[in-house]
Amino acid sequence: LIRESILARNAEGIVRHGTPDWSFITPDGARVDRTGFIERTRRLFANSEIESLQTDIFAVSVRGERANVQLRQQMVRTEKDAAGQPQRWRVTYREGQEWVRTTEGWCVARVEVYSPTREALPLR
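Residues numbered from 1 in each chain as written. Predicted model: local features only at pLDDT ≥ 70, side-chain atom pairs only at ≥ 80, totals over all residues. Heavy atoms only, no water.

All right, on to the packing of aromatic side chains then. According to the stated counting rule, one finds two aromatic pairs in the structure shown. Measuring from centroid to centroid gives 4.9 Å for Trp 22 and Phe 37, while their planes differ by 65 degrees, and the two rings are edge-to-face. Placement of Trp 22 in strand E1 (residues 18-25) and of Phe 37 in helix H3 (residues 34-46) is noted, with a sequence separation of 15 residues between them. Like Phe 37, Trp 22 is buried. Look at Phe 24 and Phe 37: their rings are 5.0 Å apart centre to centre, the planes differ by 50 degrees, and that puts the pair in the tilted class. (Phe/Tyr/Trp six-rings, centres within 6.5 Å; stacked < 30°, edge-to-face > 60°. Helix = DSSP H or I, 4+ residues; strand = E, 2+ residues; numbered from the N terminus. Buried < 20%, exposed > 50% of the residue type's maximum accessible area, 1.4 Å probe, protein only.)

Whenever strands of a sheet pair, they do so through backbone hydrogen bonds, lying parallel or antiparallel. Strand order across the open sheet formed by six strands is E2-E1-E6-E5-E4-E3, with mixed pairing between neighbours. Edge positions in the open sheet fall to strand E2 (31-33) and strand E3 (48-63), since each of these has one partner strand only. With direction set aside, neighbouring strand axes in the sheet form an average angle of 20 degrees. (Pairing = 2+ DSSP bridges. Axes fitted to C-alpha atoms, helices over the stretch in contact; angles between N-to-C directions.)

In terms of strand pairing, strand E4 (residues 66-80) meets strand E5 (residues 86-102) through 15 bridges, oriented antiparallel. Within E5, the position partnered with Arg 66 by the bridge is Val 100. Linking E4 back to E5 in an antiparallel pair, the connection comprises five residues, with Gly 84 at a positive phi of about 85 degrees. With 14 bridges connecting them, E5 and strand E6 (residues 105-121) associate as antiparallel partners. Across the sheet, Val 100 pairs through a bridge with Cys 107, a residue of E6.

What follows concerns the nonpolar core. Ile 6, Ile 14, Val 15, Trp 22, Phe 24, Phe 37 and Met 75 are the most contacted members of the largest nonpolar core, which totals 19 residues. Contributions of two or more residues to this core are made by helix H2 (11-15), E1, H3, E3, E5 and E6. Once you skip the residues sitting within four places of it in the chain, Ile 6 turns out to touch Ile 14, Phe 45, Ile 50, Leu 53 and Met 75. (Core = buried A, V, L, I, M, F, W, Y, C linked by side-chain atoms within 4.5 Å. Contact = heavy atoms within 4.5 Å.)

All right, on to a nonpolar patch on the surface then. A cluster of nonpolar side chains, namely Ile 57, Val 60, Val 62 and Trp 106, defines an oily patch on the protein surface of about 390 Å² accessible area. Here the nonpolar patch takes three residues from E3, the largest share from any one element. Turning to its location among the elements, Val 60 is positioned in strand E3. Taking relative accessible area as the criterion, Val 60 reaches 56% and is therefore assigned exposed. (Patch = residues over 30% accessible without salt bridge, like charges linked within 9 Å, V, L, I, M, F, W, Y side chains within 5 Å. Areas by Shrake-Rupley, 256 points an atom, 1.4 Å probe, with all protein chains shown as cover. Salt bridge = Lys/Arg side-chain N within 4 Å of Asp/Glu carboxyl O.)

As structure tokens, then:
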């Protein structure tokens, strides 16, 4: 559901299955709450077109009512630079997610992105 929300450019959908205290930790270690994340993501979506998103889960660790998920995502997107010119990128990053079991099922409590890399691609 999170992946589909990203591809649909639906910021609210990304956090729909999050806990009330859901948070996002940026690569530089800043913690962003749900409202801040939605605002930040809406700006990103307004300034970019997502061409593809590949998600590879490489570790899941469940301990009682909590689970840690490690994944790698690779997104190809076209963004407008500061001058308004389009630039196409392959953005690759690792992501850690903490999930908790709730009465509604498993929900995301925290998402942390590690060390994104950006590779310039030719425009289509």
